[in-house]
Structures are given as structure tokens and as C-alpha cells.
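Coordinate inspection notes
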Amino acid sequence: MLHLTKLALLCLIGAWTLSGIDAAESQVSPEAEAGWQSDVEGLRHFTGLRCPDVIGAYYRIKVMEGDGSSLAGCIYTGRDGITAVLRMHLQGSGRREAVSFSRSYKAAGFESILLSGPAETGISFKTGTRDNATQCETFWHFAGAKADFTLWMAYTLPTQEIDIGPAIASFTEALARQN
């Protein structure tokens, strides 16, 4: 019986040691597990979406794997905390994503607003106020040759108004290089 107990103990120690080695060697970064690979300027998802480290004045801070509505995406941040989320969708589904965005924000009680300038082409909502500033979120959708794309931005008016035009130009230029 003593011999069997020692054998069981040695097996447990061996399994524990081997599992520790295997786990350390087989760990995969969350990006790689979600289908992201290093690219010359940043990351590339297996679906083809390229997310550069930098787009205009915006820095990539997170990559997202696909979900029920998007194939992949990246989150960017810019001056004074402007946030942008760039996503890739199946071709022909961008308009449906825009309608879904609009319905969801209306159902949540946010006020739909019409803006001028670059935000005029998107769907915008007032999501809050602080002091004399209005917090806004705008959603744009773009039809590409092989996929559709969406861009969502959160920013504050009037302080960040001048940043929206250059942001849209930088993101649309990055998307044009994808097609």
C-alpha cells in the first residue's frame, strides 16, 4: 500500500510539473487567440482588417475580436480622451448596423441631434452635459469593396469640435487603404 501511495504522489508531482511547463509554453496572447497578427504598421486580423498603431492623432489602445455583428475591431484614443471604435462588418451590413445603433440609443433615452460639419454625415446623439459642454456620440458607416466598416466616436462639444474633421479624414483614409 505504501508503494502505491508513493507512486500516486510521484504521478501527481509529475503531472503538476508538466502542466506548469506546458501552460507556460502554450500561452497565447489574447490578440493572437482572437485572430490578430503583427503587421508592418500595427495589427492585422485574419478577416483582413488592419488596425495601425496610429491613425492620424489617434493611438490604438485595444483590439477586439469579432462578435455577432462585427468581424473585428479596434479602439483608439486621441487628444483629451476622444475615443473612436473602428469595426469591420460583412459586406452590405453597415446600414443595418447604423439602424441598430440609432434604435438602441433612442431606446436608451438619448436625444438624437443634428450636427454640422463632418459629424453631419453620421448619426449623432447627445449623451450628457457637463458645465457648458455637450457630450456626443456619432456613428458613421462606410461601404467598402469587400466589407463594410463603422466608426463610432465619443467627444465633447464645443471643445473638441475642431478635432472631428481631421479624425474622420484620417480614419476614412485608413479604410480606403484596406480596399
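Presented here is an overview of the structure given in this document. The structure presented is a predicted model; accordingly, all values stated were derived computationally and were not measured.

Conventions and cut-offs
- Per-chain numbering applies: the sequence of each chain, read as written, is numbered from 1 onward.
- Under the rules for a predicted model, residues below a pLDDT of 70 receive no local features and side-chain atom pairs below 80 are neither given nor counted, while totals for whole chains, interfaces and linings still include all residues.
- As a rule here, side-chain values cover all heavy atoms of the structure and leave hydrogens and water aside.
- Helix and strand labels come from DSSP, where a helix needs a run of H or I of at least four residues and a strand needs a run of E of at least two; each type is numbered from the N terminus.
- Each residue after the first adds 1.5 Å to the expected span of a helix.
- Whether a residue is buried, partly exposed or exposed follows from its accessible area with a 1.4 Å probe, protein chains only, as a fraction of its type maximum: under 20%, in between, or over 50%, in that order.
- Arc definition: directions from the helix axis to the C-beta atoms.
- When checking whether two residues touch, look at their non-hydrogen atoms; a contact exists if any pair is within 4.5 Å.
- We define the nonpolar core as a collection of buried residues of types Ala, Val, Leu, Ile, Met, Phe, Trp, Tyr and Cys that are connected through side-chain atoms lying within 4.5 Å of one another.
- We call a pair of cysteine sulfur atoms a disulfide when they lie within 2.5 Å.
- Note: two strands are recorded as paired if DSSP finds a minimum of 2 bridges between them.
- Any two of the Phe, Tyr and Trp rings considered here, Trp counted by its six-membered ring, make a pair once their centres fall within 6.5 Å; the pair's planes then place it as stacked at under 30 degrees, edge-to-face at over 60, or tilted in between.

**Some details on helix H3 (residues 94-107)**
In this model, H3 (14 residues) spans 20 Å end to end at C-alpha, consistent with the 20 Å of a helix rising 1.5 Å per residue. The set of residues buried in H3 consists of Gly-94, Glu-97, Ala-98, Phe-101, Ser-102 and Tyr-105. Along H3, the residues classed as buried sweep out an arc of 135° about the axis, all on the same side. Of the residues in H3, the exposed ones pointing more than 90 degrees away from the buried face are Arg-95, Arg-96, Arg-103, Lys-106 and Ala-107. A positive phi of about 90° marks Gly-109, the residue just after H3.

**Observations concerning the environment of Ile-164**
If you trace the backbone, Ile-164 turns up in helix H4 (residues 161-176). Those residues in contact with Ile-164 that lie beyond four places of it in its chain are Pro-118, Ala-119, Trp-140, Met-153 and Tyr-155.

**Here's the deal with the nonpolar core**
In terms of nonpolar packing, the biggest core is built from 28 residues, with Tyr-58, Tyr-76, Trp-140, Leu-151, Met-153, Tyr-155 and Phe-171 touching the most fellow members. Here this core takes six residues from H4, the largest share from any one element. Once residues within four sequence positions are removed from consideration, Tyr-58 is found in contact with Asp-53, Tyr-76, Thr-77, Gly-78, Ile-82, Met-153, Asp-163, Ala-167 and Phe-171. Of all hydrophobic cores here, the second largest spans 10 residues; its members include Ile-75, Ala-98, Phe-125 and Trp-152.

**Re the environment of Ile-75**
Position of Ile-75 relative to the elements: it lies in strand E6 (residues 72-77). The class of Ile-75 is buried, set by a relative accessible area of 17%. For the pair formed by Ile-75 and Arg-87, sequence separation is 12 residues and the distance between their alpha carbons is 8.8 Å. The contacts of Ile-75, once residues within four sequence positions are left out, are Tyr-59, Arg-60, Ile-61, Lys-62, Met-64, Thr-83, Ala-84 and Val-85.

**Brief notes about the state of the cysteines**
Should the sulfur atoms of two cysteines be covalently bonded, the bond is a disulfide. Inspection of every chain in the model, using the stated rule, returns one disulfide. Covalent S-S linkage joins Cys-51 and Cys-74, the inter-sulfur distance amounting to 2.4 Å. Taking the sign of the S-S torsion, 110° for the link of Cys-51 and Cys-74, the bridge is right-handed. Of this pair, Cys-51 sits in strand E3 (residues 50-52) while Cys-74 sits in strand E6, and the two are 23 residues apart along the sequence. Comparing Cys-51 with Cys-74 shows no difference in burial state: the two are buried.

**Concerning the pairing of strand E5 (residues 58-65)**
When strand E4 (residues 54-55) meets E5, the two strands line up antiparallel, connected through two bridges. Across the sheet, Val-54 pairs through a bridge with Tyr-59, a residue of E5. Two successive antiparallel strands, E4 and E5, enclose a turn made up of two residues, where Gly-56 displays a positive phi of approximately 60°. Pairing between E5 and E6: six bridges, direction antiparallel. Residue pairing in the sheet places Arg-60 in a bridge with Tyr-76 of E6. Turn length for the E5-E6 hairpin, with the two strands adjacent in sequence and antiparallel, is six residues.

**Considerations on the packing of aromatic side chains**
Counted under the stated rule, the structure contains seven aromatic pairs. Here the aromatic rings of Tyr-76 and Phe-171 are separated by 5.5 Å at their centres, their planes lie at 80°, and the arrangement is edge-to-face. Taken as a pair, Tyr-76 in strand E6 and Phe-171 in helix H4 lie far apart in primary sequence, 95 residues in all. The buried category is assigned to Tyr-76, whose relative accessible area is 0%. Summarising the aromatic geometry, the rings of Phe-101 and Tyr-105 are spaced 4.2 Å apart at their centres and angled 35° between planes, so their arrangement reads as tilted. With Phe-101 and Tyr-105 both in helix H3 and four residues apart, the pair spans about one turn of that helix. Judged by relative accessible area, Tyr-105 falls into the buried class, the value being 16%. Through a chain of ring-to-ring contacts, the aromatic side chains of Phe-101, Tyr-105, Phe-110, Phe-125 and Phe-139 assemble into a single cluster.

The quantities given are spatial measurements derived from coordinates; they are silent on function.
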